[in-house]
Amino acid sequence: MRLVWRHAAAKAVSAAGEANSDAAASTARSEIRIVGSSTVYPFSTKVAQEFKNKTGVNVVVESTGSGGGHKLFCDGAGMDTPDITNSSRRQKESELAACHANGVDEVVEVMIGYDGIVIGNLREGPEFNLSLKQVYQAFAKELPTSDDDCTMVANGYNNWSEIDPSLPNETIEGYGPPPTSGTRDAFVEIAMEGGAKAYPCLAALADSDEDAFLAAAHTVREDGRWIDSGENDNVIVQTLVNTPTAVGVFGYSFLAQNTDKIKGATVDGAEPSFENITTGDYPISRSLFFYVKASHMEEIPAIRQYALEFLSDEAAGEGGYLEEIGLVPATDEARAAYRDAVVTGTGYAHEE
Amino acid sequence: MSSGSPHTTARAVAMLKKRRRANSVFHALGVAAIAFAIAALVWLMSSIVGTGISAFTQNVITFEVVLDEEELDPSGERDPDALRLANYRAVVQDALYERFDVGDDRQRRQEAFGLVSTSGATDIIRQQVFTDPSLVGTTMTVTAPVSDDLDQYLKGNLTTDIDESLRRVSDNQIAWAQELKASGEIKSQFNWTLFTAPDSRDPELAGVAGAIVGSLLTMLVTFVLAFPLGVGAAVYLEEYAPKNRMTDFVEININNLAAVPSIVFGLLGLAVFLNFFGMPRSAPLVGGIVLAFMTFPTIMIATRAALKAVPSGIYDGALSLGASHTQAVFHHKLPNAAPGILTGSIIGMARALGETAPLLMIGMVAFVTEIPSSITEPASALPVQIFLWSDSAEVAWEERTSAAILILLAFMIVINGAAIWLRSKLEKRW
């Protein structure tokens, strides 16, 4: 329906004649349009602000979520579509295909850094030293009966200490983002899947029947031990302050800003810290991206400058302003490679 | 009649007692309801004011920087555009390392640099050098906001009775800050930035000016569209339209429109104005149109009620003196209905002012680095700003969010105050 409308509109405009199209050309926008992930939003707005200070170019950043961002971004190549979309996960093959189908030929991929996902609780609360398997045991809806028997039964754990005597004797109560959130996706894909694979039979299932494995690994409890708490990480942090025995799942930058109230659980022996996320020792971390339309960089040169500002040493180098607000930046080599891709406007292809 | 007054029988006395009890129970319930409402309001306001009041002051630090030519303008050409891109962070860092004599210790260097708003200080210098390139090579005195964490500490919003490594401010920073406060190099002043600056990623630099202008532009569009449409439709339906099934149907639909959840209007705006008509995203123009759809039924219903409330004698009197139907309506009924129409419109507008949901769909939930200057430029709105700030990680956003809520409330009070004033000024009693 929408497509039909749009075609009708295009016809109407072309019928209206030359005068109209001239007017459209002269009102071409000068600002940069960015949409996408709410996780990348704080970093993107920081760069937008610095970029505006340096060049005077207005930048508009919308927080639409990763999925919503890709949808808007791949909607077409025209100048009424966004120039850049931020994403807290890699662009899906289907999304890139949609881009190509809608005339967005070259999409430049830039990986900006990493975001750790923290399982945290109140500083005065008990210490949690978890393994991925224990995270899975605490929050999966159904668990295998034993390591070798993958008959799934409802998760019966009510207390952390029932999972492992070394864990605190506290009721399991986890506050985390809802399924629409990129943070939730990453938590489920990295922590829950990783934990599920610690069961040999589930690991075998992952090879033989992927769909059945994903259903077992991705389904979070619905019996009140896991509580969806909205996209707002601040709300989760506030909840933890008011509920000393609960744990919360949120992004590392929120832990970094609230270390006076909240501490992060160690996962597989690694603390959620800047160093451990950079080295990859902390297991639950994901890459953050943004995607640029090569054609728009030709049209509005400021877009390329913005992308290069994001990758500059002043922003993402050691002691840069993005590090100050909690980004774990990509390595110098990776940044150099992405800078080249931005300068040449080279689109990427999915290898998978 | 044989046993005298009916109130003397046992049954009558019991009934009287029951009636009086019902009376006092209702009275007590009424008082309790009001008390509950007042308590909720006081609790809400004291919590918002308590958190937000400290955001109206901001600590600033004054220090000297050497605008080193080597660092800022190695070519020596003094080209303003090149100077704008220069590395002012290094200049600020050098000045602070020098001031606190931190040597090469990385930790102490970070602490010294962390005293000041890094984006704030660099930008103040950047814009001054950009406008006056001859400053390069001289020493200038900069007054910049302190960092958000230090500001929170100085306002007493950060706990310091925990281990230093977990704190947002270190022992060194506290010692330096106390010293600077004693010498007057750090002082607290009224936070003008909050009212004059556009949105910022850094709480100490963020302001609501962009959002306020965005809200005003949006409301302007809403009013220009919804007011004439709403009043016109109401006058027609009330005074001209024949009373038949068709007009009943229209009336029911308009009344239903007033009850449609606002997000639906946002979806309508996305589908029709952005995708079909190709209007610009994030623009107050589209926001205003969408909110006008929401406000129009409210204005229409209020106008119809106000027209109905005008005594029929006014209209009949006009007719008997020879006025036509249209003259009687426009010269006599409508002016007499004005107070009700204005009150309804202003309440409808106030509701639209507080909306976020429809704006989400048309891209006004956005970070915009500039204060908008026309209805087609990208803009945000005041409630959106509050929503976005509340979602940010830094502790300092908490007070800024509350301050923004106070500013929005002040707006609402002004608007509602205007409604009450207009009503009492224009109101006629018959």
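Owing to the predicted nature of the structure, the values given are computational and were not obtained by experimental measurement.

Draft legend 1. A look at the pairing of strand 1 (residues 32-36) of chain A. Residue and element names in this part refer to chain A. Within strand 1, 5 of the 5 residues are buried, which leaves it mostly tucked inside the rest of the structure. Here strand 1 shows a buried face lined by Ile32, Ile34 and Gly36 and a second buried face lined by Arg33 and Val35. Across 3 bridges, strand 1 lies against strand 2 (residues 59-62) in parallel orientation. Bridge pairing in strand 2 places Arg33 opposite Val60. With helix 3 (residues 41-55) bridging strand 1 and the parallel strand 2, this β-α-β connection has right-handed handedness. Bridge analysis of strand 1 against strand 3 (residues 84-87) gives 3 bridges, and the strand direction is parallel. Residue pairing in the sheet places Ile34 in a bridge with Ile84 of strand 3.

Draft legend 2. Quick look at the confidence of the model for chain A. Per-residue pLDDT for chain A averages 85, and the proportion of residues at 70 or more is 91%. Scored below 50 in pLDDT, residues 1-27 of chain A shows 8 contacts in the model against residues more than four places distant or in partner chains.

Draft legend 3. Layout of the sheet that holds strand 3 (residues 186-190) of chain B. Residue and element names in this part refer to chain B. The antiparallel open sheet is built from 3 strands, whose spatial order is 2-1-3. Lying at the two open borders of the sheet, with one neighbouring strand each, are strand 2 (139-145) and strand 3. Between one strand axis and the next, the sheet turns through 35° on average, direction left out of account. The pairing of strand 1 (residues 57-66) with strand 2 spans 7 bridges and is antiparallel. Its bridge partner being in strand 2, Thr62 is matched across the sheet by Thr143.

Draft legend 4. Structural view of the environment of B:Ala404. All names here are of chain B. Residue position: Ala404 is located in helix 18 (residues 396-426). On the accessibility criterion, Ala404 (0% relative accessible area) is buried. With 201 residues separating them in the primary sequence, Ala404 and Pro203 have C-alpha atoms 12 Å apart. If we ignore the near neighbours within four places in the chain, the residues touching Ala404 are Val208, Ile386 and Trp389.

Draft legend 5. Representation of the nonpolar core within the structure. A:Ile32, A:Tyr306 and A:Leu322 are the most contacted members of the largest nonpolar core, which has 91 residues in total. A per-element tally of this core places helix 18 of chain B first, with 7 residues. Here A:Ile32 is in contact with A:Phe51, A:Val57, A:Asn58, A:Val59, A:Val60, A:Asp83, A:Ala302, A:Ile303 and A:Tyr306, once residues within four sequence places are set aside. Formed by 52 residues, the second largest nonpolar core is a distinct cluster that contains A:Ile119, A:Trp160, A:Tyr199 and A:Val247.

Draft legend 6. Quick peek at the domain arrangement of chain A. Residues and elements named next belong to chain A. The domains assigned to chain A are domain 1 (30-114 + 286-344) and domain 2 (116-285). The C-alpha centroid of domain 2 is placed 30 Å from the C-alpha centroid of domain 1. With 12 residues of domain 1 at the interface, the matching set in domain 2 holds 14 residues. Buried surface at the junction of domain 1 and domain 2, summed over both partners, amounts to about 950 Å²; 60% is from carbon and sulfur atoms. For the domain 1 face of the interface with domain 2, the top three residues by lost area are Tyr114, Arg286 and Val328, together amounting to 58%. Between domain 1 and domain 2 we count 0 salt bridges in total. Along the contact surface separating domain 1 from domain 2 lie 1 residue pair in polar contact (both at pLDDT 80 or more). Only helix 17 (321-324) and strand 14 (328-329) provide two or more residues apiece to the side of domain 1 that touches domain 2. When the residues that make up the side of domain 1 that touches domain 2 are grouped by side-chain class, the tally is 5 nonpolar, 4 polar and 3 charged.

Draft legend 7. Focus on the state of the cysteines. Residues and elements named next belong to chain A. Evaluated as defined, the whole model comprises 2 disulfides over all chains. One disulfide bridge connects Cys74 with Cys99, the sulfur atoms lying 2.0 Å from each other. Because the torsion about its S-S bond is -75°, the bridge between Cys74 and Cys99 counts as left-handed. Residue Cys74 is located in the loop between helix 4 (66-73) and strand 3, and its partner Cys99 is located in helix 5 (residues 93-101); the two are separated by 25 residues in the primary sequence. The exposure classification of Cys74 matches that of Cys99, with both residues buried. Two residues, Cys150 and Cys201, share a disulfide whose sulfurs are 1.9 Å apart. Taking the sign of the S-S torsion, about 75° here, the bridge from Cys150 to Cys201 comes out right-handed. On the criterion of sequence distance, the pair formed by Cys150 in the loop between strand 6 (142-144) and strand 7 (152-154) and Cys201 in helix 9 (residues 200-208) is long-range, its members being 51 residues apart. Indicated for chain A is the disulfide connectivity 1-2, 3-4, based on numbering the bonded cysteines in sequence order.

Draft legend 8. How the structure looks around the interface of chain A and chain B. Across the contact, 46 residues belong to chain A and 41 residues belong to chain B. For the pairing of chain A and chain B, the buried interface totals around 4,000 Å² over both sides, and the portion due to carbon and sulfur atoms is 43%. Viewed at the interface, chain B and chain A are joined by 6 salt bridges. Notably, a salt bridge pairs B:Glu370 with A:Lys52, separated by 3.0 Å at the nearest N-O pair. The tally of links between chain A and chain B comes to 27 residue pairs in polar contact (both at pLDDT 80 or more). Secondary structure elements with two or more residues in the side of chain A that touches chain B: helix 1 (2-16), helix 3, strand 2, helix 11 (233-242), helix 12 (252-257) and helix 17 of chain A. Considering each element in turn, the side of chain A that touches chain B owes the most residues, 11 residues, to helix 3 of chain A.

About the criteria used
- Residues numbered from 1 in each chain as written.
- Chains lettered and ligands numbered in written order.
- Predicted model: local features only at pLDDT ≥ 70, side-chain atom pairs only at ≥ 80, totals over all residues.
- Heavy atoms only, no water.
- Buried < 20%, exposed > 50% of the residue type's maximum accessible area, 1.4 Å probe, protein only.
- Helix = DSSP H or I, 4+ residues; strand = E, 2+ residues; numbered from the N terminus.
- Pairing = 2+ DSSP bridges.
- Right-handed = clockwise from strand over helix to strand, strands pointing away.
- pLDDT = per-residue confidence, 0-100.
- Contact = heavy atoms within 4.5 Å.
- Axes fitted to C-alpha atoms, helices over the stretch in contact; angles between N-to-C directions.
- Core = buried A, V, L, I, M, F, W, Y, C linked by side-chain atoms within 4.5 Å.
- Domains from an automatic or database assignment.
- Buried area = accessible area lost by both parts, 1.4 Å probe.
- Salt bridge = Lys/Arg side-chain N within 4 Å of Asp/Glu carboxyl O.
- Polar contact = N/O pair within 3.5 Å; in protein donor to acceptor, adjacent residues only side chain to side chain.
- Nonpolar A, V, L, I, M, F, W, Y, C, P; charged D, E, K, R; others polar.
- Disulfide = S-S within 2.5 Å.

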